[in-house]
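# Observations on the three-dimensional arrangement
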Amino acid sequence: MPNVMERVQDLPWIRVDTSGNSEVTEVDRVTLMRRFDLPASDFLLLDPSSDSPSAILAREKAIVVKLEQIGCIISADEVLLLNAGNLDVVQCAEKLGAGEFLQSACAGLSWRRGSRNFDNNFGTTSPEYLPFEFRALEVALQAASTFLASQVCERCLFRA
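What counts and what doesn't
Residues numbered from 1 in each chain as written. Predicted model: local features only at pLDDT ≥ 70, side-chain atom pairs only at ≥ 80, totals over all residues. Heavy atoms only, no water. Helix = DSSP H or I, 4+ residues; strand = E, 2+ residues; numbered from the N terminus. Buried < 20%, exposed > 50% of the residue type's maximum accessible area, 1.4 Å probe, protein only. Contact = heavy atoms within 4.5 Å. Core = buried A, V, L, I, M, F, W, Y, C linked by side-chain atoms within 4.5 Å. Salt bridge = Lys/Arg side-chain N within 4 Å of Asp/Glu carboxyl O. pLDDT = per-residue confidence, 0-100.

Along the chain, the regular secondary structure elements total seven helices and six strands. The secondary structure elements of the chain, listed N-terminal to C-terminal, are α-β-β-α-α-β-β-β-β-α-α-α-α. Each of the 160 residues in the chain was classed as buried or not, and the buried ones make up 40%. Excluding contacts between residues fewer than 6 apart, the proportion of contacts in the chain whose partners are at least 24 apart in sequence is 52%.

Time to look at the nonpolar core. Counting residues in hydrophobic clusters, the biggest one holds 20 residues, and the most contacted among them are Val65, Ile70, Cys72, Ile74, Val79, Leu81 and Leu96. If you list the elements that add at least two residues to this core, you get β1 (13-17), β4 (63-67), β5 (70-74), β6 (78-82), α4 (87-96) and α7 (132-159). No other element matches α7, which puts seven residues into this core. Residues Leu45, Val64, Leu80 and Leu82 belong to the second largest nonpolar core, which totals 14 residues.

Throughout the structure, instances matching the rule amount to six salt bridges. With its nearest N and O atoms 2.5 Å apart, the salt bridge here joins arginine 15 to glutamate 78. You can see arginine 15 sitting in strand β1 and its partner glutamate 78 sitting in strand β6, a full 63 residues away along the chain. Between aspartate 37 and lysine 61 there is a salt bridge, with its nearest N and O atoms 3.5 Å apart. Placement of aspartate 37 in the loop between α2 (29-36) and α3 (41-46) and of lysine 61 in the loop between β3 (55-58) and β4 is noted, with a sequence separation of 24 residues between them. Taking the relative accessible area as the measure of exposure, aspartate 37 reaches 42% and is therefore partly exposed. Members of the salt-bridge network, linked through shared partners, are Arg15, Asp17, Arg35 and Glu78.

This brings us to the confidence of the model for the chain. Looking at the chain, the pLDDT average stands at 75 and 68% of residues meet or exceed 70. The model gives residues 99-121 a pLDDT under 50, and that stretch makes 50 contacts with residues more than four places away or in other chains.

Printed below as a string of C-alpha cells:
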C-alpha cells in the first residue's frame, strides 16, 4: 500500500499562471519542496484522502492551502491545484483562469514587484488590486465556501 507521500506525488496537478494559462501536469513532491521551500509535512496536509483539518499555511515562497476539496500551493507566479480529476478543483482552476480575476490579479503584480506603499500605487485599498497570491487565495476560499454550501443544501434536501 503506498504511503501518503507517494499518493500526493502520483496525483496530477493543475497549474495556472498569472496569465490565466492552465495545464495538467505531474510534478513530484521533491521538486515542489525545492521550488517553494516546503517541508514534507505540508504534503501530508494536502493529501486528499486524509482527514486533516482545513488550513492555510504561509511559507517563505508560497501559501499552502487545504480547504475541504481544494488543496493548492500558491506562489507569486502560479497556482498548483492538487487532484486535477476532482470537479471542485477543476471549477476552481476555471475561476483562476477567468479574465476578470486575472486583470485584477495582474494589476497587483506591479504592487508586489514595485513599491510596497499600497495606497500610493493605486490611490485605493480595493481588494481588486491585491497581489496575485491574495486573489488566488480568495478564489480558493470561494470554492471551499461553495462546496460547503452545496453540502448543506444536499443535507437539507435529504432530510426534507
